[in-house]
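A closer look at the structure
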Amino acid sequence: MPLNMLQAQPVADTTFTWRGYTHESRTHLQLYPGPPDDENRDHTVVLRELAANTGPTVLDDIEYVAEQVGRAFGMDPARVAWVVHWGAFSYEGATDSDKEVLVRVTFRRTSTERLSAPYWRIITPTDLRELTDSRYQAP
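All of these numbers come straight from a predicted model, not from anything done at the bench.

Looking now at the environment of Ala12. One can find Ala12 in strand 1 (residues 12-19). Judged by relative accessible area, Ala12 falls into the buried class, the value being 11%. Ignoring anything within four residues of it in the chain, the contact list for Ala12 reads Leu29, Gln30, Leu31 and Phe73.

If you want it as structure tokens, here you go:
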């Protein structure tokens, strides 16, 4: 495979699971190097809300998911641009559609080194491509 094709791939492309209070939850995770012009973000993580998820949603548990993903991949969640993605894949029986919602979530570290409350912002597909340096690949 040509080197430029390898560079266009996400660093990780997998299903990530975590245990909520009553059910196991799952999301599709893609990990990308951070935007080259953002010195505060080392990585971008895209979390897709899946129809097959029977537990809490990614947004319900975003602080916990961010900490767990950070541990699993050796990164500080406060230095990651998190993107939660909903599309047709998020709803049982939904047909393919270009309708989607992308929410960027960021954290900071508090004076006690804990993650702050999340900051949320709706973004566009163009914003997502910029956050992944044009490496983002739709499922």
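Before going further, it helps to spend a moment on unusual backbone geometry. Backbone geometry places Glu113, a non-glycine residue, at a positive phi of 70 degrees. Assignment of secondary structure puts Glu113 in the loop between strand 5 (101-106) and strand 6 (119-123). Looking at Glu113, the relative accessible area reads 54%, which means it is exposed.

The element strand 4 (residues 80-86) is largely enclosed, with a buried count of seven among its seven residues. Side chains Val80, Trp82, Val84 and Trp86 of strand 4 all project onto a buried face; the interleaved residues Ala81, Val83 and His85 project onto the opposite face, where all are buried too. In this structure, strand 4 lies alongside strand 5, joined through five bridges in antiparallel fashion. Opposite His85, over in strand 5, you have Leu102 as the bridge partner.

On inspection of all chains with the given rule, the structure shows four salt bridges. With its nearest N and O atoms 4.0 Å apart, the salt bridge here joins Glu67 to Arg109. On the criterion of sequence distance, the pair formed by Glu67 in helix 2 (residues 62-73) and Arg109 in the loop between strand 5 and strand 6 is long-range, its members being 42 residues apart. By relative accessible area, which is 23% here, Glu67 ends up partly exposed.

Quick look at the sheet that holds strand 5 now. In space, the six strands of this open sheet follow the order 1-2-3-4-5-6, with mixed pairing throughout. Edge strands, defined here as strands with exactly one partner in the open sheet, are strand 1 and strand 6. Strand-to-strand, the axes of this sheet are offset by a mean angle of 30 degrees, without reference to chain direction. Packed onto the sheet, helix 2 meets strand 1, strand 2 (24-33), strand 3 (43-49), strand 4, strand 5 and strand 6 and runs at close to 125 degrees relative to strand 1.

Analysis parameters
Residues numbered from 1 in each chain as written. Predicted model: local features only at pLDDT ≥ 70, side-chain atom pairs only at ≥ 80, totals over all residues. Heavy atoms only, no water. Helix = DSSP H or I, 4+ residues; strand = E, 2+ residues; numbered from the N terminus. Buried < 20%, exposed > 50% of the residue type's maximum accessible area, 1.4 Å probe, protein only. Contact = heavy atoms within 4.5 Å. Pairing = 2+ DSSP bridges. Salt bridge = Lys/Arg side-chain N within 4 Å of Asp/Glu carboxyl O. Axes fitted to C-alpha atoms, helices over the stretch in contact; angles between N-to-C directions.

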